[in-house]
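# Commentary on secondary and tertiary structure
Read off the chains here:
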Amino acid sequence: MAKMRVLLAYSGGLDTSIIVPWLKENYDCDVVCVAGDVGQGEELEPLHEKAAKCGAEKLYIADLRKEFVEDFIWPTLKAGAVYEGKYLLGTSFARPLIAKRLVEIAHAENCTAICHGCTGKGNDQVRFELTIKAFDPNMKIIAPWRIWDIKTREEEIEYAEARGIPVPVKKDRPYSMDRNIWHISHEGADLEDPWNEPPADLLLTMVTPEKAPDAPEYVTIDFEKGVPVAINGEKLEAIELLTKANEIAGRNGVGCADLVENRLVGMKSRGVYETPGGTMLYAAHSILESITLDRQTSHYKELVAGKFAELVYDGMWYTPLRQALSAFVDSTQEAVNGTVKLKLYKGNCINAGVKSPNSLYLEEIATFGDSKDLYSHKDSEGFINLLGLPMKVKAMVEQKNK
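The present account deals with the structure reproduced in this document. Keep in mind that this is a model prediction, so the values were computed, not measured.

A few words now on the overall build of the protein chain. Across its full length, the protein chain holds 13 helices and 14 strands. C-alpha extents for the protein chain along the principal axes are approximately 85 × 55 × 45 Å. Within the protein chain, the proportion of its 402 residues that are buried is 46%. In the protein chain, 74% of the contacts between residues at least 6 apart in sequence involve partners at least 24 apart. Taking the 47 positively charged and 60 negatively charged side chains of the protein chain as two groups, their mean positions are separated by 3 Å.

Attention now goes to helix α1 (residues 14–27). Across its 14 residues, α1 extends 20 Å between first and last C-alpha, which sits within 8% of the 20 Å expected from 1.5 Å per residue. Along α1, the residues classified as buried are Leu14, Thr16, Ser17, Ile18, Ile19, Val20, Pro21, Trp22 and Leu23. Buried residues belonging to α1 abut β1 (4–9), β2 (29–37), α2 (47–54), β4 (113–115), β5 (140–142) and α6 (153–162). With its phi angle positive at about 45°, Asp28 sits one or two positions after the end of α1.

The next thing to look at is the pattern of salt bridges. In a structure, side chains of opposite charge can pair up when their charged atoms sit close to one another. What the rule picks out here adds up to 27 salt bridges. The partner of Asp124 in a salt bridge is Arg127, and the shortest N-O contact between them spans 2.8 Å. Of this pair, Asp124 and Arg127 both sit in helix α5 (residues 124–135), 3 residues apart, which is roughly one turn of the helix. The exposure class assigned to Asp124 is buried, which follows from its relative accessible area of 16%. Looking at Arg127, the relative accessible area reads 3%, which means it is buried. Across the pair Lys307 and Glu310 runs a salt bridge, and its minimum N-O distance is 2.9 Å. Of this pair, Lys307 and Glu310 both sit in helix α9 (residues 295–313), 3 residues apart, which is roughly one turn of that helix. The network of salt bridges with common partners includes Arg5, Glu57, Lys58 and Glu109.

Now for the packing of aromatic side chains. Using the criterion set out here, one finds 14 aromatic pairs in the structure. Ring geometry for Phe93 and Trp182: centres 6.2 Å apart, planes at 65°, overall edge-to-face. Of this pair, Phe93 sits in the loop between α3 (65–79) and α4 (94–108) while Trp182 sits in the loop between β6 (176–179) and β7 (184–187); the two residues are 89 residues apart in sequence, bridging distant segments of the chain. Across the pair, exposure class does not vary: Phe93 and Trp182 are buried alike. Between Tyr300 and Phe328, the aromatic rings sit 5.8 Å apart at their centres with planes inclined by 80°, giving edge-to-face as the arrangement. Taken together, the positions of Tyr300 in helix α9 and Phe328 in helix α10 (residues 320–332) put the pair 28 residues apart, joining distant regions of the chain.

Nonpolar side chains collect at one region of the surface, where Leu362, Ile365, Leu374 and Tyr375 lie side by side and expose about 350 Å² of accessible area between them. As for its position among the elements, Tyr375 is in the loop between α11 (363–366) and α12 (379–387).

The next thing to look at is the sheet that holds strand β14 (residues 348–355). What the 5 strands build is an open sheet, ordered β10-β9-β8-β13-β14; its pairing is antiparallel. Looking at the sheet topology across the chains shown, the edges are occupied by β10 (234–235) and β14. Bridge count between strand β8 (residues 217–224) and strand β13 (residues 338–345): 7 bridges; the pairing is antiparallel. Directly across from Tyr218, in β13, lies its bridge partner Lys343.

Here we come to the packing of α4 against α5. The relative placement of two packed helices comes down to the angle between their axes together with the axis-to-axis distance. Following both chains from N to C, one finds α4 and α5 inclined at 45°, their axes separated by 8 Å at the closest point. Judged by the angle between their axes, α4 and α5 are oblique. You can see that α4 and α5 cross each other, and the crossing is right-handed. Residue-level inspection shows Arg95, Pro96, Ile98, Ala99, Lys100, Leu102, Val103 and His107 of α4 in contact with α5, the latter providing Asp124, Arg127, Phe128, Thr131, Ile132 and Phe135. Class assignment of the residues belonging to the contact of α4 with α5 gives a composition of 8 nonpolar, 2 polar and 4 charged.

You can see Asn337 is positioned in the loop between α10 and β13. Considering only alpha carbons, one finds Asn337 and Lys355, 18 residues apart in sequence, at a separation of 8.7 Å.

In this section: the sheet that holds β2. Pairing in this open sheet of 5 strands is parallel, and the strands run β3-β2-β1-β4-β5 from one edge to the other. Each edge of the open sheet is held by one strand with a lone partner, namely β3 (58–63) and β5. Averaged over all pairs of adjacent strands, the angle between strand axes in this sheet comes to 25°, irrespective of strand direction. Here β2 runs beside β3; their pairing, made up of 6 bridges, is parallel. Each residue of the ladder has a partner; that of Val34, found in β3, is Tyr60. Set on the sheet, α1 makes contact with β1, β2, β4 and β5; between it and β2 the angle comes to about 155°.

Along the polypeptide, Asn246 turns up in helix α7 (residues 238–251). Separated by 2.9 Å, the side chain of Asn246 and the backbone nitrogen of Gly277 make a polar contact.

The rules we used
- Residue numbers restart at each chain and count upward from 1, following the sequence in its written direction.
- Only residues with pLDDT of 70 or above have their local features reported here, since the model is predicted, and side-chain atom pairs are shown and tallied only from 80 upward, although totals for entire chains, interfaces and linings are computed over all residues.
- Excluded from the side-chain calculations are hydrogens and water; all other atoms, namely the structure's heavy atoms, are used.
- Only runs of H or I of at least four residues qualify as helices and only runs of E of at least two qualify as strands under DSSP, and these elements are numbered from the N terminus.
- Note on classification: 1.4 Å probe, protein chains only; a residue is buried when its accessible area is under 20% of the maximum for its type, exposed when over 50%, partly exposed between these limits.
- In this description, contact between two residues means that some pair of their heavy atoms is separated by no more than 4.5 Å.
- Charge counting follows a simple rule: Lys and Arg are positive, Asp and Glu are negative, and His as well as the terminal groups are ignored.
- The location of each charge is read from NZ of Lys, CZ of Arg, CG of Asp or CD of Glu.
- The span expected for a helix works out to 1.5 Å for each residue beyond the first.
- The rule for a salt bridge is simple: a side-chain nitrogen of Lys or Arg has to be within 4 Å of a carboxyl oxygen of Asp or Glu.
- Two aromatic rings, drawn from Phe, Tyr or Trp (for Trp, its six-membered ring), form a pair once their centres lie within 6.5 Å of each other, and the interplanar angle then sorts them: stacked below 30 degrees, edge-to-face above 60, tilted otherwise.
- By definition, no residue in a patch forms a salt bridge, and every one has over 30% relative accessible area; like charges are joined within 9 Å, nonpolar side chains (Val, Leu, Ile, Met, Phe, Trp, Tyr) within 5 Å.
- Accessible surface area values rest on a Shrake-Rupley calculation with a 1.4 Å probe, where residue burial reflects the displayed protein chains alone.
- Here, any two strands with at least 2 DSSP bridges between them count as paired.
- Helix axes use the C-alpha atoms of the stretch in contact, all axes being lines fitted to C-alpha atoms, and the angles between their N-to-C directions lie in the range 0 to 180 degrees.
- Each angle receives one of four descriptions, namely roughly parallel if under 35 degrees, roughly antiparallel if over 145, roughly perpendicular if within 65 to 115, and oblique otherwise.
- Left-handed describes a crossing in which the near helix is turned anticlockwise from the far one by less than a right angle; the clockwise case is right-handed.
- Any residue that is not Ala, Val, Leu, Ile, Met, Phe, Trp, Tyr, Cys, Pro, Asp, Glu, Lys or Arg is counted as polar, Gly included; the first ten are nonpolar and the last four charged.
- N or O atoms closer than or at 3.5 Å make up a polar contact, with two conditions inside protein: a donor-capable atom paired with an acceptor-capable one, and, for residues adjacent in sequence, both atoms drawn from side chains.

This is the structure:
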């Protein structure tokens with residue numbers, strides 16, 4: 001009989017490095033590794049050698065960057081979705097895309113199980129497994145952290161050393177990190193105490209506001225139907241645009257979020273997130289919407305944004321509700337066209353100008369001067385009387401019953 005084949009979501013870190021031999025020892029199986037390239041950069045270069053040394057049969061590196069930006073980041077940006085007011089969902093929306101690719105390669109490689117290295121305390125286990133269920137409800141899922149006897153990082157290192165597996169641990173950076181083209185997250189070590197300020201050398205893609213230039217930098221961002229398409233007048237493809245946005249915002253200290261968030265699994269966790277380009281693009285998009293969306297749509301979209309963020313955070317990207325919310329968002333973005341000018345200064349994104357061919361802001365109405373035939377000050381009296389009628393009636397009844 002042919003050996004069982006297991007596909008492993010592989011990062012090259014300590015966890016997935018020891019999972020390869022653990023799977024072979026406990027399931028007598030062949031292991032196929034898959035790493036999803038969502039913009040990790042140099043982290044992917046040594047993975048082929050690492051996977052081979054761990055005992056994997058082969059490694060796929062799937063280039064998902066374009067799909068990640070266009071089909072996950074842009075829809076979330078258009079929705080204005082932010083989890084708990086600060087988190088721009090950098091890890092959250094990368095996991096469903098990677099998991100979808102895992103299922104596709106598992107089918108191509110005749111694997112009967114998919115394994116991941118997520119801990120039982122985190123959100124990622126949910127994000128991976130919900131997506132796997134969405135694309136193959138019969139696929140077996142193996143989650144070693146919910147099965148094995150290993151409890152600590154020290155035990156992981158001992159397990160690796162006993163089997164001659166190189167231990168990919170950087171002692172100078174003890175944090176748990178997740179990196180992609182949108183963000184970098186930092187968790188663990190001294191950050192687990194919310195009283196501790198992040199160390200000065202923590203940030204990798206941006207400077208602190210203190211180290212940003214003393215002079216502001218101006219930047220313009222063009223949008224078409226809610227999607228950023230140009231920076232400083234230069235038309236760019238999705239990956240290039242986001243890369244440039246990261247560079248510009250990063251050197252001005254824009255985009256660090258430090259928060260204690262409510263995890264889906266019931267506990268609170270502290271994370272420090274670098275999202276320089278994303279923070280700048282969110283600010284610009286919001287400014288452009290302020291002149292292109294009507295009041296009712298804008299206010300209702302705020303409600304949608306909250307639910308959208310919650311669905312993404314919870315790993316429910318491939319659900320009917322998220323798809324329906326995206327359809328609503330897309331309809332609101334038809335008129336979100338124009339240019340935003342930002343002044344970046346020591347961590348701040350300041351509105352320095354906005355224009356749109358679809359602007360609903362009409363100076364001849366908004367002016368304190370003569371609005372001609374567009375608006376009469378006298379009209380407001382009847383409006384106020386009707387709006388305040390319920391309050392007036394309530395006050396009359398209360399006076400009568402005293």
